Amino acid sequence: MTDVTNGVLRTLFHSDQGGHEQVVLCQDRASGLKAVIAIHSTALGPALGGTRFYPYANEEEAVADALNLARGMSYKNAMAGLDHGGGKAVIIGDPERDKSERLLLAYGRFVASLGGRYVTACDVGTYVADMDVVARECRWTTGRSPENGGAGDSSVLTAFGVYQGMRAAAQHQWGDPSLRGRRVGIAGVGKVGHHLVRHLRDEGAEVVITDVREEAVRRILDQHPEGVTAVADTDALIRVEGLDVYAPCALGGALGDDSVPVLTAKVVCGAANNQLAHPGVEKDLADRGILYAPDYVVNAGGVIQVADELHGFDFDRCRAKAAKIFDTTLAIFARAKEDGIPPAAAADRIAEQRMAEARSAH
């Protein structure tokens, strides 16, 4: 057994980051499907989480990502007040090159084989149209198109929730929830980020953006000819003078040993999952006086939307639930101050308490 495989198994069975109930390795050679489905917890209900389609460097990296993301979904769903546990799936491959109807149908059969223990949805590299295909083989699929009984694009409410979390952070840090006149840096203006720009501009915030895709930046600058500027990359963005808020909205690991010491913003609040590169980063942020709004709390708007789809989707009902992210985020900051711990640790405590109560009630 390789050291890497051993490392994954050690994580799963022996570490605090593990404790997952089930991990399923899926392969369909005819379509080229290689996937990992990780179910972290079903204490609060069926595990709910998206499907990521990504060209991982190797299979071990894919398994590790699935484990990490699934665990994060348990906490996210608990903090969002949903009756769902946490799960996540990853499909190994380049979505531009490897995605096919045949592969997605094969994947749908694997999800269906779990009998409702895992409910899937969109994530990085998968879209509403893909979920429509998966749903042909699996009724435990959300994030479908309105034409197919779904709620459509969940990034709308994800951005709205992040915006509410940002307002709560402003309230806690500066005593006023308004972002008017604040300078907000957004790394990643794709599915979620471009909606977040609109909320911020509507309120009168100044926005600085960056994205690895030039066309994404161009689209934002065309839509918002005033009040938005672009910088070359994330390294430049985190060093922008006078930045009030930094919003990581691309892939995870945005906050680490290289970025935290040079970050000019006093608030971090973004849509990306797993923003903290490793344990201890939350303390580094607190030591610098930077307020961190826990990612899985503020980006829960999307999961609120897809969970609602299982009960007959109602956008207004979802938006009202997503608006509560403001109060939830404020409560986390208050708990952190009371317990003398970073906000990320406070959010974990609240989520773990809800899961523990559900387990003991079984």
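Computed from a predicted structure; not experimentally measured.

Enquirer: Residues and numbers for the packing of aromatic side chains, please.
Expert: Aromatic ring pairs are described here by two measures, namely the spacing of the ring centres and the angle between the planes. Taken as a whole, this structure holds 3 aromatic pairs when the rule is applied. An angle of 65° between the planes, with centres 5.8 Å apart, marks the rings of Tyr-75 and Tyr-296 as edge-to-face. Of this pair, Tyr-75 sits in helix H2 (residues 59-79) while Tyr-296 sits in helix H11 (residues 295-298), and the two are 221 residues apart along the sequence. For Tyr-75, a relative accessible area of 7% puts it in the buried group. A cation over a ring is seen here: Arg-182 above Trp-174, with NZ or CZ 3.9 Å from the ring centre.

Enquirer: So, the pattern of salt bridges: which residues are in play, and what are the values?
Expert: Considering all chains together, one arrives at 19 salt bridges under this definition. Salt-bridge contacts for Asp-222 lead to Arg-218; the nearest nitrogen and oxygen are separated by 3.7 Å. In this pair, Asp-222 and Arg-218 are both assigned in helix H8 (residues 214-223), 4 residues apart and thus about one turn of the helix distant. For Asp-222, a relative accessible area of 54% puts it in the exposed group. Across the salt bridge formed by Arg-349 and Asp-339, the nearest N and O atoms sit 3.1 Å from each other. Taken together, the residues Arg-349 in helix H15 (residues 343-361) and Asp-339 in helix H14 (residues 325-339) connect sequence positions 10 residues apart. Overall, the relative accessible area of 38% leaves Arg-349 in the partly exposed class. Taken together, the salt bridges that share partners define one network made up of Arg-52, Asp-65, Lys-88 and Asp-123.

Enquirer: Help me get a handle on the nonpolar core, residues and values and all.
Expert: Counting 65 residues, the largest nonpolar core has Tyr-107, Met-166, Ile-186, Leu-196 and Leu-200 as its most contacted members. Those residues in contact with Leu-196, other than ones at most four positions away along the chain, are Ala-159, Val-162, Tyr-163, Met-166, Ile-186, Ala-247 and Cys-249.

Enquirer: Break down H14 for me, with residues and values.
Expert: Its 15 residues give H14 an end-to-end C-alpha distance of 21 Å, which sits within 8% of 21 Å, the value for a rise of 1.5 Å per residue. Taken as a whole, H14 has its buried residues at Ile-325, Phe-326, Thr-329, Ile-332, Phe-333 and Ala-336. The arc that holds the buried residues of H14, viewed along the axis, is 130°, so those residues lie on one side. Positive backbone phi, at 65°, marks Gly-340, one or two positions downstream of H14.

Enquirer: Outline the sheet that holds strand S9 (residues 228-230), listing residues and values.
Expert: An order of S9-S8-S7-S10-S11-S12 is seen for the 6 strands of this open sheet, with the pairing classed as parallel. Two strands in the sheet have a free side with no partner beyond their single neighbour: S9 and strand S12 (291-292). One ladder, built from 2 bridges, connects strand S10 (residues 245-248) with strand S11 (residues 267-268); its direction is parallel. Across the sheet, residue Val-245 finds its bridge partner in S11, namely Val-267. Running at roughly 155° to S9, H8 makes contact with strand S8 (206-210) and S9 of the sheet.

About the thresholds
- Residues numbered from 1 in each chain as written.
- Predicted model: local features only at pLDDT ≥ 70, side-chain atom pairs only at ≥ 80, totals over all residues.
- Heavy atoms only, no water.
- Phe/Tyr/Trp six-rings, centres within 6.5 Å; stacked < 30°, edge-to-face > 60°.
- Helix = DSSP H or I, 4+ residues; strand = E, 2+ residues; numbered from the N terminus.
- Buried < 20%, exposed > 50% of the residue type's maximum accessible area, 1.4 Å probe, protein only.
- Lys NZ or Arg CZ within 6 Å of the ring centre and 35° of its normal.
- Salt bridge = Lys/Arg side-chain N within 4 Å of Asp/Glu carboxyl O.
- Core = buried A, V, L, I, M, F, W, Y, C linked by side-chain atoms within 4.5 Å.
- Contact = heavy atoms within 4.5 Å.
- Expected span 1.5 Å × (residues − 1).
- Arc of directions from axis to C-beta.
- Pairing = 2+ DSSP bridges.
- Axes fitted to C-alpha atoms, helices over the stretch in contact; angles between N-to-C directions.

Note that all results are geometric; they support no functional claim without further evidence.
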